[in-house]
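Residues per chain, in single letters:
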Amino acid sequence: MAIASQPAKEAAVKKKPPTRERRVVVTGMGVTTPIGHDPHEFYENLLQGVSGISEIEAFDCSQYPTRIAGEIKSFSTDGWIVPKLSKRMDKFMLYMLTVGKKALSDGGITEDMMNELDKRRCGVLIGSAMGGMKVFHDAIEALRISYRKMNPFCVPFATTNMGSAMLAMDLDWEDLLHAEHFHSEILTLQELLGLGIVIAMYLLWVKELVSCFWKNLSMPSKEVQQSMLNF
C-alpha cells in the first residue's frame, strides 16, 4: 500500500520586533544618606533596620509642629570638591558632586582613565525633585535688608538641573547635561491653586523689578516685599 505524505508545514515563528532599548552596566555606586555614606554601610544599615529619622539639627525648628526628618549628618566634601566651590554651592549640589565622584571612584575610573575618555561622549543624567532651597531661602532673608545683599547666584543655584550641570563641568564632560524633574502627572485642585498663586506673585514681582529700573534701581514696594516673604 502506497501512502502519499506531505511535508510538514513549518510552524510559524513570531519574531520579536526590534527594540531600541539599550542595556546599561552599573560599574560604580555612591551614596550620601542619613544611614550611610558608602554603599556597603548603607546596605548593612538597611538590613539591620536602622532608621534615618532623627531630630532636625540644621536649623531651629522649635516653632514648627514637625521637628524630625531624614537629615543627612556628618557630611563632608573633603577630597571630592575644592573648598572654593564647597563654600559657594547649595547642599543639594554638594550631594550630587560628591556622590557622582564616589560612583566613578567605586567603578575604578582613575584620573588616567578620565584623561583617555572621549569627553564629548560622556554626560550626566540625574533625577531630582527640586533645586537649592537653602540658597533661595537665604536670598529671601537677604531681601529683608536690601536687594544688594542677595547672592547673585541664588536663581541659577535654585534650579533643578544645576547640580548635574556643575558635576558635568567639574568633570569636563560635554555630551549630556540633564536633570529629570520627578512629578505627578495629575495635579489636585489645591496644587493648581498654589501654582496660580506662585505665578501671580512672580508676575507682580517682575512688574516691581521693571519699575525699579525706571526709578534708578529703587527698592520694590514694602507691600510686595512683605507678600513675597509671607508666601
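These numbers come from a predicted model, not from an experiment. (Residues numbered from 1 in each chain as written. Predicted model: local features only at pLDDT ≥ 70, side-chain atom pairs only at ≥ 80, totals over all residues. Heavy atoms only, no water.)

**Q** Quick rundown of the overall build of the protein chain? Include the residues and the values.
**A** Scanning the protein chain from N- to C-terminus turns up nine helices and four strands. Listed N to C, the secondary structure of the protein chain is α-β-β-α-α-α-β-α-α-α-β-α-α in terms of helices and strands. Out of the 231 residues belonging to the protein chain, those deemed buried represent 27%. Sequence-distant contacts in the protein chain: of pairs separated by 6 or more residues, those separated by 24 or more amount to 58%. Total accessible area computed for the protein chain in this model is approximately 18000 Å², and 59% of it derives from carbon and sulfur atoms. (Helix = DSSP H or I, 4+ residues; strand = E, 2+ residues; numbered from the N terminus. Buried < 20%, exposed > 50% of the residue type's maximum accessible area, 1.4 Å probe, protein only. Contact = heavy atoms within 4.5 Å. Areas by Shrake-Rupley, 256 points an atom, 1.4 Å probe, with all protein chains shown as cover.)

**Q** I'd love a proper account of the nonpolar core, names of residues and values included.
**A** Within soluble globular proteins, side chains that are nonpolar generally end up buried alongside one another. Core analysis: the biggest nonpolar cluster contains 24 residues, and Met-93, Met-162 and Trp-173 have the highest contact counts within it. Listing elements by their share of this core, those giving two or more residues are α3 (91-106), β3 (123-128), α5 (133-143), α6 (154-157) and α7 (162-171). Setting aside residues up to four positions removed in sequence, Trp-173 forms contacts with Leu-104, Met-114, Lys-119, Cys-122, Gly-123, Val-124 and Ala-168. (Core = buried A, V, L, I, M, F, W, Y, C linked by side-chain atoms within 4.5 Å.)

**Q** Which residues make up the packing of aromatic side chains, and what are the values?
**A** Scanning all chains against the criterion turns up one aromatic pair. For the pair Phe-75 and Tyr-95, a centre-to-centre distance of 4.9 Å together with 80 degrees between the ring planes defines the contact as edge-to-face. Pair noted here: Phe-75 is in the loop between β2 (68-69) and α2 (83-88) and Tyr-95 is in helix α3, with a separation of 20 residues, a long-range link. (Phe/Tyr/Trp six-rings, centres within 6.5 Å; stacked < 30°, edge-to-face > 60°.)

**Q** So what's going on with α5? Which residues, and what values?
**A** Inspection of α5 places Val-135, Ala-139, Ala-142 and Leu-143 among the buried residues, and these make up the whole buried set. All buried residues of α5 lie within an arc of 100 degrees about the axis, which places them on one face of the element. (Arc of directions from axis to C-beta.)

**Q** I'd like to hear about the packing of α3 against α7, residue by residue, with values.
**A** Following both chains from N to C, one finds α3 and α7 inclined at 45 degrees, their axes separated by 9 Å at the closest point. What the angle tells us is that α3 and α7 run oblique. Crossing angle aside, the handedness with which α3 passes α7 is right-handed. Seen from α3, the contacting residues are Phe-92, Met-93, Met-96, Leu-97, Gly-100, Lys-101 and Leu-104; seen from α7, they are Met-162, Gly-163, Ser-164, Met-166, Leu-167, Asp-170 and Leu-171. (Axes fitted to C-alpha atoms, helices over the stretch in contact; angles between N-to-C directions. Parallel < 35°, antiparallel > 145°, perpendicular 65-115°, else oblique. Left-handed = near helix turned anticlockwise from the far one by under 90°.)

**Q** Could you give an account of the confidence of the model for the protein chain, with specific residues and numbers?
**A** Averaged over all residues, the pLDDT of the protein chain equals 75, while 67% of them reach at least 70. Confidence scores differ between elements of the protein chain, with strand β4 (residues 176-181) showing the lowest mean pLDDT of 50 and helix α1 (residues 39-47) the highest of 95. The model gives residues 1-5 a pLDDT under 50, and that stretch makes zero contacts with residues more than four places away or in other chains. Below a pLDDT of 50 lies the segment residues 179-194, which in the model reaches 15 contacts outside its immediate sequence neighbourhood of four places, other chains included. (pLDDT = per-residue confidence, 0-100.)

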